[in-house]
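Coordinate analysis (summary)
Each chain is listed here by its residues.
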Amino acid sequence: MPLQSATASWRALTRRADDAPVLLDGFHALKHALRFGADIPLALTTDRPRTLALAAELAPDLTPVLPALLTEVTPDELRALVPRPHPTEVAALAARPSRTANLAALRTRLAPVIVLEDPRNLGNIGAVIRLAAGFGAAGVITTGPADPWHPGAVRGAAGLHYATAVERLPLAGLPPGPLYALDPEGDDIRGVGLPDDALLAFGTERHGLSPGLRARADRLLALPMRPQVSSYNLATSVAMTLFHWGGPAVSGPS
């Protein structure tokens, strides 16, 4: 695609108010989105040979599709479109998955769903989504104002939003299933088996579970922790909980 057409198309796509595309910031976000079926109308790079060489090294499964997808632009053009480009100097736009399909996947799941109550840090949200995708969780639900599809969260997840169902819902809209909430006063998680249809809920980074979510939980669980240590990072807590669940064996390209 010619440079002028590529930049004009990018601006036209990002101006959509009702169907805004997802920004894939960096080669790894593009790589993962492609692997998990994202619809990507436009991908840009400042150095086409370098990007194709990176793909040959890290994602040879994508080398048949990338050449036709990539358009080379100047570094200044990329910075005009993406104010803080990823160090790989690759950026793409992708269609957001169907909310209807995501909600159906969350209801008819064969693996736990992670519930993040009112998370504030976009990097934490992205890290949790990356963990959920890696462990084969059915999805990640957030409550509160932070958009889990914000570019900061997508960058933190390296594009793995497309490998699991990611939605923002009110607590009242959670899918059915047993709700296990992580809380320091809960039962030691090491003595509890987590069912595959569980909702695994984590409170805010600062205040923990709200009274409403705590009261709604079927069971409170605690992670092992040394006395006088106040808490784990949110993503670490999710990783420990998913590791305890066990998850299915997942194979495929890295």
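As the structure is a computational prediction, the values presented were derived from the model and not from experiment.

Each value, and the rule that gives it
By convention here, each chain's residues receive numbers from 1 onward along its written sequence. Thresholds applied to this predicted model are a pLDDT of at least 70 for local features of residues and 80 or more for the giving and counting of side-chain atom pairs; totals over whole chains, interfaces and linings are not thresholded and use all residues. The side-chain values count all of the structure's non-hydrogen atoms but skip hydrogen atoms and water molecules. UniProt positions are given in the numbering used here, feature names are shortened, and annotations may be inferred rather than shown by experiment. Numbering goes from the N terminus for both helices and strands, where a helix is a DSSP run of H or I of at least four residues and a strand is a run of E of at least two. Under the pairing criterion, centres of Phe, Tyr and Trp rings, with the six-membered ring standing for Trp, must be within 6.5 Å; the plane angle then separates stacked pairs below 30 degrees from edge-to-face pairs above 60, leaving the rest tilted. Between buried and exposed lies partly exposed: a residue is buried under 20% and exposed over 50% of the maximum accessible area for its type, with that area taken using a 1.4 Å probe on protein chains only. For this analysis, a polar contact is any N or O atom pair within 3.5 Å, provided that within protein one partner can donate a hydrogen and the other can accept it, and provided that sequence-adjacent residues contribute only side-chain to side-chain pairs. Whether two residues are in contact is decided by their heavy atoms: any pair within 4.5 Å suffices. Strands qualify as paired when DSSP identifies two bridges or more between them. Axis angles are defined between N-to-C directions and span 0 to 180 degrees, where every axis is a line fitted to C-alpha atoms and, for a helix, only to the segment in contact. Here is the rule for angles: anything less than 35 degrees is roughly parallel, anything more than 145 is roughly antiparallel, 65 through 115 is roughly perpendicular, and the remaining ranges are oblique. By convention the crossing between two helices is left-handed if the near helix lies anticlockwise of the far one by an angle smaller than a right angle, and right-handed if it lies clockwise. Following the grouping adopted for this structure description, the nonpolar residues are Ala, Val, Leu, Ile, Met, Phe, Trp, Tyr, Cys and Pro, the charged ones are Asp, Glu, Lys and Arg, and the polar ones are all others, Gly among them. Boundaries of every domain are those given by an automatic assignment or by a domain database. We define buried area as the total accessible area lost by two parts upon association, computed with a 1.4 Å probe and summed across both. Every case where a carboxyl oxygen of Asp or Glu lies within 4 Å of a side-chain nitrogen of Lys or Arg is listed as a salt bridge.

Under the feature "domain: tRNA/rRNA methyltransferase SpoU type" (unreviewed entry), the UniProt entry names residues 113-242. Helix makes up 27% of residues 113-242 and strand 23%, whereas the separation of the span's terminal C-alpha atoms amounts to 10 Å.

The next thing to look at is the packing of aromatic side chains. Scanning the entire structure with this criterion turns up one aromatic pair. Ring geometry for Trp149 and Tyr162: centres 5.5 Å apart, planes at 80°, overall edge-to-face. Here Trp149 is found in the loop between strand 6 (139-142) and helix 8 (151-156), whereas its partner Tyr162 is found in the loop between helix 8 and strand 7 (165-168), with 13 residues between them in sequence. Tyr162 sits in the buried class, given a relative accessible area of 12%.

Attention now goes to the side chain of Thr51. Along the polypeptide, Thr51 turns up in helix 3 (residues 48-58). Looking at Thr51, the relative accessible area reads 2%, which means it is buried. Polar side-chain contacts of Thr51 include one of 2.6 Å to the side chain of Thr45. Among residues more than four places away in sequence, those in contact with Thr51 are Phe27, Thr45, Leu70 and Val90.

With that settled, consider the sheet that holds strand 6. Reading across from one edge, 7-6-5-9-8-10 is the order of the six strands in this open sheet, with parallel pairing throughout. Unpaired on one side and paired on the other, strand 7 and strand 10 (219-222) mark the two borders of the sheet. Each neighbouring strand pair of the sheet contributes to a mean axis angle of 30°, computed without reference to strand direction. The pairing of strand 6 with strand 7 spans four bridges and is parallel. Residue Val140 lies in a different strand from strand 7, and its bridge partner there is Val166.

Mapped onto the elements of the fold, Thr7 is located in helix 1 (residues 3-14). A relative accessible area of 7% places Thr7 in the buried class. Beyond its immediate stretch of four places on either side in the chain, Thr7 contacts Glu77 and Leu81.

Next up on the list: the packing of helix 2 (residues 27-35) against helix 3. At a minimum axis separation of 12 Å, helix 2 and helix 3 run at an interaxial angle of 60°. In terms of axis orientation, helix 2 runs oblique to helix 3. In the packing of helix 2 onto helix 3, the handedness of the crossing is right-handed. Contacts from Phe27, His28 and Arg35 in helix 2 reach Thr51, Leu54, Ala55 and Leu58 in helix 3. Classifying every residue of the contact of helix 2 with helix 3 gives four nonpolar, two polar and one charged.

Let us look at the domain arrangement of the chain. Per the domain assignment, the segments of the chain are domain 1 (2-94) and domain 2 (99-245). Distance from the C-alpha centre of domain 1 to the C-alpha centre of domain 2: 30 Å. Taken together, the contacts link 15 residues of domain 1 with nine residues of domain 2. Three residues stand out in domain 1 for area buried against domain 2, namely Val22, His32 and Phe36, and they jointly supply 44% of the buried area on that side. For the pair domain 1 and domain 2, the interface holds one salt bridge. Linking Asp25 and Arg155 is a salt bridge whose minimum nitrogen-to-oxygen distance equals 2.9 Å. Counting the contacts that link domain 1 with domain 2 gives three residue pairs in polar contact (both at pLDDT 80 or more). At the level of elements, strand 1 (22-25) and helix 2 are the ones that each hand at least two residues to the side of domain 1 that touches domain 2.

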